[in-house]
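Inside the fold
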Amino acid sequence: VLRAAYRLLKAMCTDFPLMQTELVASIPLFVDHTEANLVSYDITPTGCINACFKDNRTVCAQVTEDTVRQFVRLAAQEKAPRFLRFLRMITMPNDQVIKRNQMMVLQALAEKEAALLLYNDPQEQAERKELIEAQDHIHHPRGRLVYHMELVGLLSQCCTGKNAQGEMLVRELLPLSDLVQQCLLPELTPALRANYMLLLDEAYLDTDKHQKEVATS
């Protein structure tokens, strides 16, 4: 019954800003259901929540810190990409940055190390290489490799828009030497390499250019 209700709610609020706004008050209830076993091939509570926030800056600006922290906690527990996709959605709806949300997401991630599946040490990178060679991102779209790819994309998105505080937090999570080493690994998929390059640009290179322009002006 709950799955059917979520299918209906998702259909009602998809591309319908007024219904999205009306459902904001019910988001805490939907978030509570994310821990229930309600995942099926076509609907999850997270999918319905995503539909409530998708491309609606006004609704995204109302997301609470508790909701963000709960999604990060769920991401840490389950390593499910859908939780990170929600966090990406609320940081930049319609390609418009919401710095408040960027900082809430980064702070929650920084406080929950288990959510940071970054494959930084050689043993972890060997594990990731095996997943890539097995095309795990294709055969298991809800698996750990896709989660990792979403995480790198989320970190880069949280630096978008000259967010100096966000850039500093990301640098603490992924120092330049580690990031460059990751970019040079030959086994990365094109999508993962693109995410790493975007992260390098947003957290380091673009900021350096901006600082040089200010210094010489």
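Since this is a predicted model, take the numbers as computed values, not measurements. (Residues numbered from 1 in each chain as written. Predicted model: local features only at pLDDT ≥ 70, side-chain atom pairs only at ≥ 80, totals over all residues. Heavy atoms only, no water.)

Examining the overall build of the protein chain
The test is simple: The helix count covers DSSP runs of H or I at least four residues long, the strand count covers runs of E at least two residues long, and both are numbered beginning at the N terminus. Both definitions apply: the radius of gyration is a C-alpha atom measure, and the globule rule equals 2.2 Å times residues to the power 0.38. For the exposure calls, accessible area comes from a 1.4 Å probe over protein chains only, and a residue counts as buried if that area is under 20% of its type's maximum, exposed if over 50%, partly exposed in between. Only heavy atoms matter for contacts: two residues are in contact if any of them lie within 4.5 Å across the pair.
For the protein chain, the count of helices and strands is 14 helices and zero strands. N-terminal to C-terminal, the α/β element order of the protein chain is α-α-α-α-α-α-α-α-α-α-α-α-α-α. Computed over C-alpha atoms, the radius of gyration of the protein chain comes to 18 Å, within 12% of the 17 Å expected from 2.2 N^0.38 for 217 residues, which places it in the range of a compact globule. When its C-alpha atoms are laid out on the principal axes, the protein chain stretches across 55 × 50 × 25 Å. Across the 217 residues of the protein chain, 49% fall into the buried class. Within the protein chain, contacts between residues separated by at least 24 positions form 73% of all contacts whose residues are at least 6 apart in sequence.

Here we look at the packing of aromatic side chains
Put simply, the rule reads: Geometry of aromatic contacts follows a simple scheme: Phe, Tyr and Trp rings, the Trp one being its six-membered ring, pair when their centres are within 6.5 Å, and the pair is stacked under 30 degrees between planes, edge-to-face over 60, tilted otherwise.
Overall, the coordinates contain four aromatic pairs when judged by the stated rule. Ring centres 5.5 Å apart and planes at 70° place the aromatic pair Tyr6 and Phe30 in the edge-to-face group. Taken together, the residues Tyr6 in helix H1 (residues 2–13) and Phe30 in helix H3 (residues 27–33) connect sequence positions 24 residues apart. Summarising the burial analysis for this pair, Tyr6 and Phe30 share the class buried. Relative to Phe83, the ring of Phe71 has its centre 5.9 Å away and its plane inclined at 70°; by these criteria the two rings are edge-to-face. In this pair, Phe71 is assigned in helix H6 (residues 65–78) and Phe83 in helix H7 (residues 81–91), connecting sequence segments twelve residues apart.

Section: the confidence of the model for the protein chain
Spelled out, the test is: Confidence of the predictor at the level of single residues is captured by pLDDT, which takes values from 0 to 100.
Mean pLDDT over the protein chain stands at 90; residues scoring 70 or higher make up 91%. Between residues 212–217, whose pLDDT stays under 50, and residues either more than four places distant or in other chains, the model counts zero contacts.

Brief notes about the layout of surface pockets
To keep it simple, the criterion reads: Definitions used throughout: a 1 Å grid over protein atoms alone; a cavity as a set of points that fits a 1.4 Å probe which cannot get out; a pocket as an open set with protein on both sides within 12 Å along at least five of seven lines; a lining residue as one with an atom within 4 Å of a point. Grid points are joined across faces, edges and corners, and a volume is the space filled by probe spheres set on the points. Lys, Arg, Asp and Glu make up the charged group, whereas Ala, Val, Leu, Ile, Met, Phe, Trp, Tyr, Cys and Pro make up the nonpolar group; the residues left over, Gly among them, are polar.
Size it by volume and the second largest pocket reaches roughly 150 Å³. Every residue along the wall of the second largest pocket is listed here: Lys54, Asp55, Arg88, Met89, Met92, Pro93, Asn94, Asp95 and Gln157. Along the lines of polarity and charge, the residues of the lining of the second largest pocket split into three nonpolar, two polar and four charged.

Quick look at the nonpolar core
Burial of nonpolar side chains together is a common tendency in soluble globular proteins. For clarity, the threshold we go by: What makes a nonpolar core is a set of buried Ala, Val, Leu, Ile, Met, Phe, Trp, Tyr and Cys residues whose side-chain atoms join them at distances within 4.5 Å.
Ranked by size, the top nonpolar core spans 66 residues in total, and within it Phe53, Val68, Leu87, Ile90, Leu109 and Leu155 carry the most contacts. Apart from residues no more than four positions distant in its own chain, Val68 is found in contact with Val63, Leu87, Ile90, Met104, Val105 and Ala108.

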